[in-house]
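# Observations on chain architecture
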Amino acid sequence: MYGLIGKFTATDGNRDALIRILLDGVSGMPGCLSYVVASDPADANVIWITEVWDSKESHAASLSMPSVQEAIGKGRPLIAGMERIAETRPEGGHGLDS
């Protein structure tokens, strides 16, 4: 398995709109085992994204999907910053086959 933890900082006042865009663009991604979008309770502009994929290749392939490309296009103007916090190797957990 392949995992990512990312941090998005939305432009002021646009976090909820960016969250909706991120959630709308993620259905039906082959190889995606988990995609969690979470707001940061300590910062009104920060969003945390935790992803688990069956492989690094599946994640890379998802970036060319029309729905993902559309979400990127809609979301880009609402993003003040992005950080890839960590790549991980999930070993299992609730909802994941180990």
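Just above sits the structure.
Small disclaimer: the values here were computed from a predicted structure and weren't measured. (Residues numbered from 1 in each chain as written. Predicted model: local features only at pLDDT ≥ 70, side-chain atom pairs only at ≥ 80, totals over all residues. Heavy atoms only, no water.)

## Observations concerning the overall build of the protein chain
Heads up, the condition is: Starting at the N terminus, helices and strands are each numbered in turn, a helix being any DSSP run of H or I of at least four residues and a strand any DSSP run of E of at least two. A radius of gyration in this sense is built from C-alpha atoms; the matching globule rule multiplies 2.2 Å by the number of residues raised to 0.38. For every residue, the accessible area obtained with a 1.4 Å probe (protein chains only) is divided by the maximum for its type, and the residue is called buried under 20%, exposed over 50%, and partly exposed between those limits. Residues count as neighbours in contact if any of their non-hydrogen atoms are within 4.5 Å of one another. Method for areas: the Shrake-Rupley scheme with a 1.4 Å probe, in which residue coverage is limited to the protein chains shown. As used throughout, the charge tally considers Lys and Arg to be positive and Asp and Glu to be negative, leaving His and the chain termini uncounted. Lysine's charge is taken at NZ, arginine's at CZ, aspartate's at CG and glutamate's at CD.
From N to C terminus, the protein chain includes three helices and four strands. Secondary structure of the protein chain in N-to-C order comes out as β-α-β-β-α-α-β. Taken over C-alpha atoms, the radius of gyration comes to 13 Å for the protein chain, in line with the 13 Å a tight globule of 98 residues would show. Overall size of the protein chain, expressed as C-alpha extent along the three principal axes, is 40 × 30 × 20 Å. A buried classification covers 35% of the 98 residues belonging to the protein chain. The contacts of the protein chain with a sequence gap of at least 6 include a subset with a gap of at least 24, amounting to 72%. As presented, the protein chain carries roughly 5,900 Å² of accessible surface, and 53% of it is formed by carbon and sulfur atoms. Side chains of the protein chain give 8 positive and 13 negative charges; the mean places of these two sets differ by 4 Å.

## So, the sheet that holds strand S2 (residues 32-39)
Going by this rule: DSSP calls a pair of strands paired once it identifies at least 2 bridges connecting them. Here an angle of 0 to 180 degrees is reported between the N-to-C directions of two axes, which are lines fitted to C-alpha atoms, with helices fitted over the stretch in contact.
One open sheet holds the four strands; their spatial order is S2-S3-S1-S4, and the pairing between them is antiparallel. With one partner strand each, in any of the chains shown, S2 and strand S4 (79-88) form the two edges of the open sheet. For this sheet the average axis-to-axis angle between neighbouring strands, irrespective of direction, equals 15°. The pairing of strand S1 (residues 2-10) with S4 spans eight bridges and is antiparallel. Looking at S4, one finds that Ile5 is bridged to Ala86.

Taken by themselves, the reported measurements are silent on function.
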